[in-house]
Amino acid sequence: MKMTGLLSTFLLAIAAIGCGNTNSSATADSQDSDTAAATSPAVTGHKPESPAVLPGIEVLRRNGFEELDGMRVGLITNPTGVDNSLKSTIDILAEAHNVRLTALFAPEHGVRGDHVAGANVANDTDPKTGVPVYSLHGKTKKPTPEMLQNVDVLVYDIQDIGTRSYTFISTMGLAMEAAAQNGKKFMVLDRPNPLGGNKVEGSIAEQGNFSFVSQYPIPYVYGLTPGELARYLNGEGLLKSGMKADLTVIPMKGWHRSMTFADTGMPWVLPSPHIPDPTTALLYPATGIMGELDYVSIGVGYTLPFKLAGASWINAQKLADRLTALKIPGVEFRPIHYKPFYAIFKGENLHGVEIYVRDAAAAPLTLIQFYIMQELAAMYPGQKAFSKATPARIKMFDMVCGSPKVRELFQENYKVKDMADYWNKDVEAFTARAEIYRLYE
């Protein structure tokens, strides 16, 4: 669930704690010694012998589904909504004796993952459970009153990747609005932020630039779990007309903010076909904005989506050397030559760089693509990033950035230093404000 344009075309893209008008009956237990895990910030952390982190659905089940007892449940999920044994939340709730699963709500790709990227998802019936499925990725992106007639509580269980333009969080926010408007409860079964809970990058999306890829005024990398983000949207009055959902979050057990997904011991289920593993989630914010320009290949269409920058006209070794010389913290580059199997530049011999994140905590993920565009502009003045982009591509770039100002500052001289301060101007204030909505240390 992803950006529109190039990416949407090719991406197939707790104990109850509340906020605002939320009920609160328990707190996150993220410090238990029996569930503690390693906290290395590196991309390639070790894998514990058994899962160290329990997602919200497992905590809910351990509680005997007490928070849903007797309720008619509408579940918003996709294939990432699983327990640590890979059993679907759909099936878990359908089998719970004290829960009535009455509706399923499908984001992009569908609840069972059987729709390709960008495709409209039709209303249907889940063949395994017989539960009706309502589409939230077509003409309707927000549950309607008719869809909610047989629902007491909307439950959200989707693994996100911690980046604003990845549109599952837009689906979550709109569903929270629908719940508030129709007098329904809303519950989030929490899951990890695969970038960790401390990384915040990018300016807040600005008024006049909101869209399904920038639905709310939050930074591009926002450093919150889905449950924490729901609390932030609710508590800060960011839902439509400042309305408040009756929100409950079922926290994870054993998760700490310094963890990337590799540290959790949980199984990774790809949330979309071009996010096949947690390291791809780390590099999505490093190249995805640049990918909106149809300017260079970012690996979508090859075996390394979001991990590359390549084109037929690039000298791979020279670009790798120039980027290495910048000494970008936590990042390394190597020259690569490849031929995409589909998507942009299909069948062409491309040359460029593969990106390695050695230290996720130190790496300025979102600026990597701007450094690449900077060095390519210096190497090839006739191939500057925005010089051949169509108005539609530039508009999408601006929408994903949340403001045209980012592009305008960078485009003056194609220098990262000209836009970096503006890009990160909101990080400190957002981080301080968001702290009150955190559930984990």
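Residues numbered from 1 in each chain as written. Predicted model: local features only at pLDDT ≥ 70, side-chain atom pairs only at ≥ 80, totals over all residues. Heavy atoms only, no water.

Some remarks on the packing of helix α7 (residues 316–325) against helix α8 (residues 368–379)
Consideration 1: Here α7 crosses α8 at 125°, and the two axes come no closer than 10 Å. With respect to their mutual orientation, α7 and α8 come out oblique. At the point where α7 passes α8, the crossing takes the right-handed sense. Counting all contacts with α7, which are made through Lys-318, Leu-319, Arg-322 and Leu-323, the residues of α8 involved are Tyr-371, Ile-372, Glu-375, Leu-376, Ala-378 and Met-379.
Consideration 2: Each residue belonging to the contact of α7 with α8 can be placed in one class, and the counts come to seven nonpolar, no polar and three charged. (Axes fitted to C-alpha atoms, helices over the stretch in contact; angles between N-to-C directions. Helix = DSSP H or I, 4+ residues; strand = E, 2+ residues; numbered from the N terminus. Parallel < 35°, antiparallel > 145°, perpendicular 65-115°, else oblique. Left-handed = near helix turned anticlockwise from the far one by under 90°. Contact = heavy atoms within 4.5 Å. Nonpolar A, V, L, I, M, F, W, Y, C, P; charged D, E, K, R; others polar.)

What about the packing of aromatic side chains?
Consideration 1: Inspection of the entire model under this criterion finds 19 aromatic pairs.
Consideration 2: A centroid spacing of 6.1 Å and a plane angle of 45° characterise the contact between Tyr-220 and Trp-423, whose relative ring orientation is tilted. Of this pair, Tyr-220 sits in the loop between β6 (185–189) and α5 (226–235) while Trp-423 sits in helix α11 (residues 416–423), and the two are 203 residues apart along the sequence.
Consideration 3: Under the relative-accessibility criterion, Tyr-220 is labelled buried at 0%.
Consideration 4: Trp-423 gets classed as buried once you look at its relative accessible area, which sits at 0%.
Consideration 5: Summarising the aromatic geometry, the rings of Phe-261 and Trp-268 are spaced 4.8 Å apart at their centres and angled 85° between planes, so their arrangement reads as edge-to-face. (Phe/Tyr/Trp six-rings, centres within 6.5 Å; stacked < 30°, edge-to-face > 60°. Buried < 20%, exposed > 50% of the residue type's maximum accessible area, 1.4 Å probe, protein only.)

Re the sheet that holds strand β9 (residues 331–338)
Consideration 1: A sheet is described by the order of its strands in space; here three strands give the open sequence β8-β10-β9, paired in antiparallel fashion. Whereas interior strands pair on both sides, the edge strands pair on one side only; in this sheet they are β8 (308–311) and β9. Ignoring which end each strand starts from, the neighbouring axes of this sheet average 20° apart.
Consideration 2: The strands touched by α7 are β9 and β10 (350–357); relative to β9, the strand with the most contacts, the crossing angle is about 175°. (Pairing = 2+ DSSP bridges.)

Details of the pattern of salt bridges
Consideration 1: Inspection of the entire model under this criterion finds 21 salt bridges.
Consideration 2: The residue Asp-418 makes a salt bridge to Lys-417 at a minimum N-O spacing of 3.4 Å.
Consideration 3: For Lys-417, a relative accessible area of 65% gives the class exposed.
Consideration 4: Of the charged contacts, one joins Lys-425 and Asp-426 as a salt bridge, the two residues approaching to 2.9 Å between their closest N and O atoms.
Consideration 5: Lys-425 gets classed as partly exposed once you look at its relative accessible area, which sits at 38%. (Salt bridge = Lys/Arg side-chain N within 4 Å of Asp/Glu carboxyl O.)

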